[in-house]
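Letter by letter, the chains look like this.
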Amino acid sequence: MFLRTIITFLLSYIPLLVFSQTLINPVIWQDHPDLDVFRVGHTFYYSSSTFAYSPGAPILRSFDLANWEAVTHSVPYLNFSPANAYNLTSNSRAYVKGIWASTLRYRPSSDTFYWLGCVDGGKTYIWSSPGGNARSNGGEVPPESWNWTPRPVIDKCYYDAGLFFDDDDSQVYVVYGNTQIRIAQLSVAANGDLREVRNQLVYASSDMTVEGARLYKRNGEYWIWVTRPADAQYVLRGNNPWGPYTRRVLVDRIQGPLVSAGYAHQGGVVDTEDGRWFYVGFLDAYPGGRIPVVAPMTWGSDGWPTVVRDGANGWGMLYFLPVNTTRKVGVLGPRVDEFKGMKLGPEWEWNHNPDNGKWALSTGLVLKTATVAGDLFAARNTLTHRIHGPKSRGTFRIDVGAMKDGDRTGAVLFRDKAAYIGIHKTGKTASIVMVDNLNLVEGSWTTSSTGRVAVTGPSVTGEIWLRIQADITPAFGTNTGRQAIFAYSTDGKTFTILGSAFAMSNSWRYFSGYRYGVFNFATKALGGEIKVKSFVMDIV
Ligand SMILES: *[C@@H]1O[C@H](CO)[C@@H](O)[C@H](O)[C@H]1NC(C)=O
Ligand SMILES: *[C@@H]1O[C@H](CO)[C@@H](O)[C@H](O)[C@H]1NC(C)=O
């Protein structure tokens, strides 16, 4: 594999590096699964799934398909039922439930973005936002124009939904389903609400499972993109939305661009303003989660698409930049956040819907204890951030001076098999601890282990820097446990490692990858608080 990589590099990459601007895969080394991509004017949008994290369904944007930034979330809070599960109250929880394989599109005639997704196999939830006249601004939305409001739910599950507004918006379709692929036609009321007016089976697969459907139109023909989980992409071609459709394979177990990251699959396609097409799929890059890769497509004389391979007939690590533009986006990667704005940045998501009375922005992020619990997974208001791969570290600078007896705070490597470095306050003493063995049961997602203090360090007053250094280099399908190291500092310069390295789980069943998180919960009584003064994520 190593030799193959070198040969591939020599054959096909050096000309790209020398002569042009380059797209590097993965384009985002962060967990952004079940993606839906589309373009409005010169702006590309990307929606992804977030399960019980809140806010949900983040939206990324790009001007060249290679550089992306986070702009907003389609679902500002999870308005799903039962509310106590999504709010993490009354001993209910929704880990691994919530938002998966949802869809986001723009309707130009009403300048409206619509998100919809089936939640927990029941109803389809819909949210919309005005576009701030995006259609006249090359698709760009002024940040203050994002304003997501819930629409009436559709009392039916559009499983793995793909929304599509046909030319001039006159027809609205949602393609969805597992193996039995259906299309629902929707009407748009004067107030913008969506309602189903027709529903039909359009393709029944007899030989394999297919799902993750997306609907597109090109040269008057309709195309449904479906994945065979979790290693192939198929295309269905028809003369009208209702079929009949003819199927062909697009990619099946295509190698690369990363090893131990599964095969690129699922996702969708998008064209540029000048009519070139790109396929965006994702890799099962656990322990980091599912990360997107882009490749150009060509269309044959018979009208069928092909993904452009690299010199070794695999998915390339480098391609020509899809769009040469001087328009720039921010960075989705290394960053410093001092929590100075009026709102949390769009990179942050809580473990479930937060208790909004228990946190505030005030020269830092104030986290009051929101839950009395013996279990981090049962505690509200754990704030999480995607880990940038393949290797990065997340450092939280925290003032722990206002913790109360019994409080637990810290920087957590958050997933169903978790560990943290934190502060346990007992009486008047705040001790630095490294805790592992915080585990959920796969499937029921109940807590099987609330943690074990592996090492106790010195006591601390005032400020402390807590750091997690995580290697999320893909190890999917292997027995290699990628490692995370926990460290603290009292001056922000000299860090001391606490405990031994923690081996992360490569299982896909929790779906979301590991995240950096900061938490503060009580085991005795509410009333304590911490202040998070900064978060720094840097590449190592
Ligand atoms: C971008 O610029 C490079 C270098 O000038 C050129 O080779 C490439 O074809 C351009 N790509 C596009 C999409 O215009
Ligand atoms: C759940 O939390 C959301 C926001 O975090 C809030 O708007 C809603 O009222 C809460 N619902 C219940 C039943 O507590």
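Looking up the protein in an unreviewed UniProt entry gives the name Family 43 putative glycoside hydrolase, with the organism given as Triangularia setosa. Recorded in UniProt under Sequence similarities (unreviewed entry), the annotation for the protein is "Belongs to the glycosyl hydrolase 43 family."

Trainee: I tried to follow the UniProt feature "domain: Beta-xylosidase C-terminal Concanavalin A-like" (unreviewed entry) in the protein on my own but got confused; where do I start?
Mentor: UniProt's feature table lists "domain: Beta-xylosidase C-terminal Concanavalin A-like" (unreviewed entry) at residues 337-535, given in the numbering used throughout. Note that residues 337-535 is 0% helix and 51% strand, and that its end C-alpha atoms are spaced 5 Å apart.

Trainee: Just checking my understanding: could you explain the layout of surface pockets for this structure?
Mentor: Summary: where empty space remains is shown by rolling a probe the size of a single water molecule over the atoms. A volume near 920 Å³ is recorded for the largest pocket. Lining of the largest pocket is provided by 35 residues; of these, Pro55, Thr72, His73, Lys343 and Leu344 occupy positions nearest its centre. Those elements that place two or more of their residues in the lining of the largest pocket are strand E5 (69-75), strand E23 (335-337) and strand E24 (348-350). Counting residues per element, the lining of the largest pocket draws most heavily on E5, at five residues. Taken together, the residues that form the lining of the largest pocket break down as 18 nonpolar, nine polar and eight charged. Looking at which domains feed residues into the lining of the largest pocket, each of domain 1 (15-320) and domain 2 (335-539) gives three or more.

Trainee: It is not clear to me how the site of ligand 2 should be interpreted in this structure. Could you clarify?
Mentor: In the vicinity of ligand 2, the contacting residues are Ala83, Asn87, Asn353, Pro354 and Asn356. A distance of 2.5 Å separates an oxygen atom of ligand 2 from a polar atom in the side chain of Asn87. Pro354 is positioned with one of its backbone polar atoms (N or O) 3.0 Å from an oxygen atom of ligand 2. Burial of ligand 2 by the surrounding chains reaches 49%, relative to a free accessible area of 360 Å².

Trainee: Help me understand the nonpolar core, please; the structure alone is not making it clear to me.
Mentor: Most often, soluble globular proteins keep nonpolar side chains buried together rather than apart. In terms of nonpolar packing, the biggest core is built from 84 residues, with Trp225 and Leu413 touching the most fellow members. Shared between two domains, this core holds at least three residues of each, these being domain 1 (15-320) and domain 2 (335-539). Residues within four places of Leu413 in sequence aside, it is in contact with Ile387, Ala418, Ala419, Ile468, Ala470, Ala484, Phe486, Phe502, Met504, Tyr514 and Arg515.

Trainee: Would you take a moment to explain the state of the cysteines for this structure?
Mentor: Joining two cysteines, a disulfide is a covalent bond between their sulfur atoms. Going through the model one piece at a time under the given rule, you end up with one disulfide. Here Cys118 pairs with Cys157 through a disulfide, and the sulfurs are 2.1 Å apart. When the S-S torsion is -110 degrees, as for the bridge of Cys118 with Cys157, the disulfide is left-handed. Of the two residues, Cys118 sits in strand E7 (residues 112-118) while Cys157 sits in the loop between strand E9 (149-154) and strand E10 (162-165), which places them 39 residues apart along the sequence. Accessibility assignment for this pair places Cys118 and Cys157 in one class, buried.

Trainee: What's the story with the sheet that holds strand E14 (residues 211-218) in this structure? I'm lost.
Mentor: In a beta sheet, neighbouring strands pair by backbone hydrogen bonds and run either parallel or antiparallel. Spatial ordering of the open sheet is given by E14-E15-E16-E17, a layout of four strands whose pairing is antiparallel. Every interior strand has two partners, whereas the edge strands, E14 and strand E17 (245-252), have only one. The sheet shows a mean angle of 25 degrees between the axes of neighbouring strands, direction not considered. In this structure, strand E15 (residues 221-228) lies alongside strand E16 (residues 232-238), joined through seven bridges in antiparallel fashion. Bridging from a neighbouring strand, Thr227 pairs with Gln233 of E16.

Trainee: For this particular structure, what's the right way to read empty space enclosed by the protein?
Mentor: As enumerated under the stated definition, the model contains two cavities of 30 Å³ or more in all. If you go around the largest cavity, you meet 13 residues; those closest to its centre are Gln30, His32, Leu332, Glu347 and Arg386. Inspection of the lining of the largest cavity shows a minimum of three residues originating in each of domain 1 (15-320) and domain 2 (335-539). If you add up the space inside the second largest cavity, you get close to 30 Å³. Around the second largest cavity, the lining residues are Phe51, Ala52, Tyr53, Tyr95, Val96, Asn351, Tyr510 and Ser512. Residue classes in the lining of the second largest cavity are distributed as six nonpolar, two polar and no charged. There are two domains that each give the lining of the second largest cavity at least three residues, and those are domain 1 (15-320) and domain 2 (335-539).

Scoring rules and cut-offs
Residues numbered from 1 in each chain as written. Chains lettered and ligands numbered in written order. Predicted model: local features only at pLDDT ≥ 70, side-chain atom pairs only at ≥ 80, totals over all residues. Heavy atoms only, no water. UniProt positions renumbered as here; feature names shortened; annotations may be inferred. Helix = DSSP H or I, 4+ residues; strand = E, 2+ residues; numbered from the N terminus. 1 Å grid on protein atoms, 1.4 Å probe; cavity = no way out; pocket = protein on both sides within 12 Å on 5 of 7 lines; lining within 4 Å. Points joined across faces, edges and corners; volume = space filled by probe spheres on them. Nonpolar A, V, L, I, M, F, W, Y, C, P; charged D, E, K, R; others polar. Domains from an automatic or database assignment. Near = heavy atom within 4 Å. Polar contact = N/O pair within 3.5 Å; in protein donor to acceptor, adjacent residues only side chain to side chain. Areas by Shrake-Rupley, 256 points an atom, 1.4 Å probe, with all protein chains shown as cover. Core = buried A, V, L, I, M, F, W, Y, C linked by side-chain atoms within 4.5 Å. Buried < 20%, exposed > 50% of the residue type's maximum accessible area, 1.4 Å probe, protein only. Contact = heavy atoms within 4.5 Å. Disulfide = S-S within 2.5 Å. Pairing = 2+ DSSP bridges. Axes fitted to C-alpha atoms, helices over the stretch in contact; angles between N-to-C directions.

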